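# Breakdown of the fold
The chain contents come next:
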Amino acid sequence: MMKPKSKLTVIGMGSLIKSDDGIGIQILRKLKENEELKEVPLLEVGTSPMNYLEKISNSKIIIGIDAVYGGEGPGSIYRFTLDEIERKGETRKDAHGFSLPDVIELARARTGFPIEVIIYGIEPLDLSLNIQLSSPVKKALPKAVTEIKKEIKQISSAG
């Protein structure tokens, strides 16, 4: 099996013009402000993870960040694995009909990577055409950034 080009890649998903749907990208941009994370590829994939198949298939671990309905109220932060999402069968497709699990499956078929996919989801309140985050989601943003940063550091420091 080939060796991955990077140990970890973080991808922010969603649409910045649909209020809380942009939370994945907003969090990614906050992570980019951290000097200590500059070695970690941080990708804004927006609504088309398929466009990043090459990078995704060359990373051992993927952390995806997106708006996710989990049923615990707006602003709730969830952490789960790709396998857990696939069991629930809840995934969003991009304009070309590809969901993140589809892209991961293609990536694995190409290279065997990523071997692990972790998803951080923030429960949205508002998905209307609006560039502002709703109040509960905006409030959750710093906590989500802190949790994800901690996870990135753990993965980066693990052998």
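Here the structure is a predicted model, which is why all the values come from computation and not from measurement. (Residues numbered from 1 in each chain as written. Predicted model: local features only at pLDDT ≥ 70, side-chain atom pairs only at ≥ 80, totals over all residues. Heavy atoms only, no water.)

## Looking at the pattern of salt bridges
Test applied: We define a salt bridge as a side-chain nitrogen of Lys or Arg found within 4 Å of a carboxyl oxygen belonging to Asp or Glu. Counting from the N terminus, the helices are the DSSP runs of H or I reaching at least four residues and the strands are the DSSP runs of E reaching at least two. Relative accessibility under 20% of the residue-type maximum defines a buried residue, over 50% an exposed one, and the middle range a partly exposed one, all with a 1.4 Å probe and only protein chains included.
The final tally for this structure, using the stated rule, is eight salt bridges. The salt bridge partner of R29 is E44, with a shortest N-O separation of 2.7 Å. Taken together, the residues R29 in helix α1 (residues 23-32) and E44 in strand β2 (residues 42-46) connect sequence positions 15 residues apart. Take R29: its relative accessible area is 38%, and that puts it in the partly exposed class.

## So, the sheet that holds strand β5 (residues 116-122)
The line we're drawing: One requirement defines pairing of two strands: DSSP has to find at least two bridges between them. Whenever a helix is involved, its axis is fitted only over the stretch in contact; in every case the axis is a line through C-alpha atoms, and angles between N-to-C directions fall within 0 to 180 degrees.
Sheet architecture is open: five strands sit in the order β2-β1-β3-β5-β4, paired in mixed fashion. Looking at strand neighbours, the two that pair on one side only are β2 and β4 (77-81), the edges of this open sheet. Neighbour-to-neighbour, the strand axes of the sheet open up by a mean angle of 20°, direction not taken into account. Pairing of β4 with β5, which is carried by five bridges, proceeds in the antiparallel orientation.

## Thoughts on a nonpolar patch on the surface
Selection rule: Nonpolar side chains (Val, Leu, Ile, Met, Phe, Trp, Tyr) are joined into patches within 5 Å and like charges within 9 Å, using only residues with over 30% relative accessible area and no salt bridge. Calculation of accessible area relied on Shrake-Rupley with a 1.4 Å probe; when residues are assessed, cover is drawn exclusively from the protein chains displayed.
Residues I17, L129 and I131 make up a contiguous nonpolar surface patch of roughly 360 Å² in combined accessible area. Position of I17 relative to the elements: it lies in the loop between β1 (6-13) and α1.

## Considerations on helix α5 (residues 135-157)
For the record, the criterion: Helix span, as expected, comes to 1.5 Å for every residue beyond the first. Across the chain, bend at a residue is computed as the angle between axes fitted to the seven residues ending at that point and the seven starting from it. In this analysis, two residues are considered to be in contact whenever any of their non-hydrogen atoms come within 4.5 Å of each other.
Between its terminal C-alpha atoms α5 stretches 34 Å, which fits the 33 Å expected from 23 residues at 1.5 Å a residue. Along α5, the sharpest change in direction is near 35° and occurs at L141; proline P142 comes one to four residues later. Along α5, the residues classified as buried are V137, A140, L141, A144, V145, I148, E151, I152 and I155. Along its buried surface, α5 packs onto β1, α1, β3 (59-67), β4 and β5.

## As for the environment of N130
Here N130 is to be found in the loop between β5 and α5. Overall, N130 belongs to the partly exposed group, its relative accessible area being 29%. Distance in space between the C-alpha atoms of N130 and D21 is 9.7 Å, their sequence separation being 109 residues. Discounting residues that sit within four places of it in the chain, N130 has contacts with L16, I17, K18 and S19.

## Observations concerning α1
Among the residues making up α1, those that are buried are I23, G24, I25, I27, L28 and L31. In this structure, the buried residues of α1 make contact with β1, β2, β3, β5 and α5.

## Here's the deal with the nonpolar core
Stated formally: In this text, buried Ala, Val, Leu, Ile, Met, Phe, Trp, Tyr and Cys residues form a nonpolar core when linked through side-chain atoms within 4.5 Å.
By size, the foremost hydrophobic cluster in this structure holds 25 residues, and its most contacted members are V10, I27, L31, I63, I65 and I152. For this core, the secondary-structure elements that each account for two or more residues are β1, α1, β3, β5 and α5. It is α5 that contributes the most residues to this core, eight residues altogether. In contact with V10, other than residues within four places in its own chain, are L28, L31, V40, P41, L42, L43, I63, I65 and I152.

## Describing the confidence of the model for the protein
Under the convention used in this document: The pLDDT value expresses, per residue, how confident the predictor is, ranging between 0 and 100.
For the protein, the average pLDDT comes to 90, and 91% of its residues sit at 70 or higher. Looking over the protein, one finds the lowest element-wise mean pLDDT in helix α3 (residues 82-88), namely 70, and the highest in α1, namely 97.

## Remarks on the environment of A140
Along the chain, the position of A140 falls in helix α5. Owing to a relative accessible area of 8%, A140 belongs among the buried residues under this scheme. With 64 residues separating them along the chain, A140 and S76 place their C-alpha atoms 7.1 Å apart.

## Focus: the pairing of β3
The element β3 is extensively covered by neighbouring structure, given that eight of its nine residues are classed as buried. Taken together, the six bridges between β1 and β3 define a ladder with parallel strand orientation. What sits directly across from T9, in β3, is I62. As paired elements, β3 and β5 share seven bridges and run parallel to each other. Directly across from G64, in β5, lies its bridge partner I119.

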